[in-house]
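So you can see what is in the structure, the chains are spelled out below.
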Amino acid sequence: MNWLVWIIFGLIAGFIGSKLVNKEGQGFLMNVVLGILGAVVGGWIGVQLGLGGVTGFNLGSLLLAVGGAVVVQVIYRAFTGSSRP
């Protein structure tokens, strides 16, 4: 995927993940950053479980990215000590 699609995909995954974790969100930039990181983590977890990785703009990839974004959000909150940066 090109970089613009990754940013849009990261924003969607990061926004959904942050709403699932803390109901407030982290702001536009942090949602994009944590969402893209979450897509990478979710893709890696998917490959390790035999589900495949993030392959494009589709529902399966979105679910993996959101799952990864939730994992990243939980880790982020553990290191920052709060739901807001």
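The structure presented is a predicted model; accordingly, all values stated were derived computationally and were not measured. (Residues numbered from 1 in each chain as written. Predicted model: local features only at pLDDT ≥ 70, side-chain atom pairs only at ≥ 80, totals over all residues. Heavy atoms only, no water.)

Asks: Looking at this model, I keep getting lost on the overall build of the chain. Mind explaining?
Replies: Counting its secondary structure elements, the chain contains three helices and zero strands. In the chain, the order of α-helices and β-strands from amino to carboxyl end is α-α-α. The burial tally for the chain puts 36% of its 85 residues in the buried class. The long-range share in the chain, meaning contacts at least 24 apart out of those at least 6 apart in sequence, stands at 68%. (Helix = DSSP H or I, 4+ residues; strand = E, 2+ residues; numbered from the N terminus. Buried < 20%, exposed > 50% of the residue type's maximum accessible area, 1.4 Å probe, protein only. Contact = heavy atoms within 4.5 Å.)

Asks: Teacher, can you tell me more about a nonpolar patch on the surface here?
Replies: A contiguous nonpolar patch, built from W44, I45, L49, L51, V71, I75 and F79 and spanning about 790 Å² of accessible area, is present on the exposed surface. Contributing elements (two or more residues each) for the nonpolar patch: α2 (28–48) and α3 (59–80). Of the residues forming the nonpolar patch, the biggest block, three residues, is contributed by α3. Along the chain, L51 falls in the loop between α2 and α3. The class for L51 is exposed, based on a relative accessible area of 61%. (Patch = residues over 30% accessible without salt bridge, like charges linked within 9 Å, V, L, I, M, F, W, Y side chains within 5 Å. Areas by Shrake-Rupley, 256 points an atom, 1.4 Å probe, with all protein chains shown as cover. Salt bridge = Lys/Arg side-chain N within 4 Å of Asp/Glu carboxyl O.)

Asks: It is not clear to me how the environment of V32 should be interpreted in this structure. Could you clarify?
Replies: You can see V32 is positioned in helix α2. Among the residues examined, V32 registers a relative accessible area of 8% and is labelled buried. Each C-alpha atom of the pair V32 and G10 lies 4.9 Å from the other, and the pair is 22 residues apart in sequence.

Asks: Just checking my understanding: could you explain the nonpolar core for this structure?
Replies: In summary, soluble globular proteins display a tendency toward joint burial of nonpolar side chains. Ranked by size, the top nonpolar core spans seven residues in total: F9, A13, A39, V54, L64, A65 and V66. Of all the elements, α3 adds the most residues to this core, at three residues. What L64 contacts, discounting residues up to four positions off in sequence, is G38, G42, G46, G52, G53 and V54. (Core = buried A, V, L, I, M, F, W, Y, C linked by side-chain atoms within 4.5 Å.)

Asks: Please clarify how α2 should be interpreted in this entry.
Replies: Because each turn of an α-helix spans 3.6 residues, side chains separated by three or four positions in sequence point in the same direction. In this model α2 runs 30 Å from its N-terminal to its C-terminal C-alpha over 21 residues, within 8% of the 30 Å that 1.5 Å per residue would give. Turning to α2, its buried residues are N31, V32, L34, G35, G38, A39, G42, G43 and G46. Just beyond α2, the residue with positive phi is G50, at close to 80°. (Expected span 1.5 Å × (residues − 1).)

Asks: Got a minute to help me understand the confidence of the model for the chain in this structure?
Replies: Detailed reading of predicted coordinates is not advised where the pLDDT is low. Within the chain, residue pLDDT values average 78, and 85% of them lie at 70 or more. The secondary structure element of the chain with the lowest average pLDDT is helix α1 (residues 3–22), at 77, and the one with the highest is α3, at 85. (pLDDT = per-residue confidence, 0-100.)

Asks: Explain α3 to me, please; I cannot follow it from the model alone.
Replies: Under the 1.5 Å per step criterion, the end-to-end length of α3 is 31 Å for 22 residues, consistent within 8% with the ideal 32 Å. If you check which residues of α3 are buried, you get S61, L64, A65, V66, G68, A69, V72, Q73 and Y76. Its side-chain oxygen at 3.3 Å from the backbone nitrogen of G60, N58 defines the N-terminal cap of α3. In the segment just after α3, G81 is the residue with positive phi, at about 80°. (Polar contact = N/O pair within 3.5 Å; in protein donor to acceptor, adjacent residues only side chain to side chain.)

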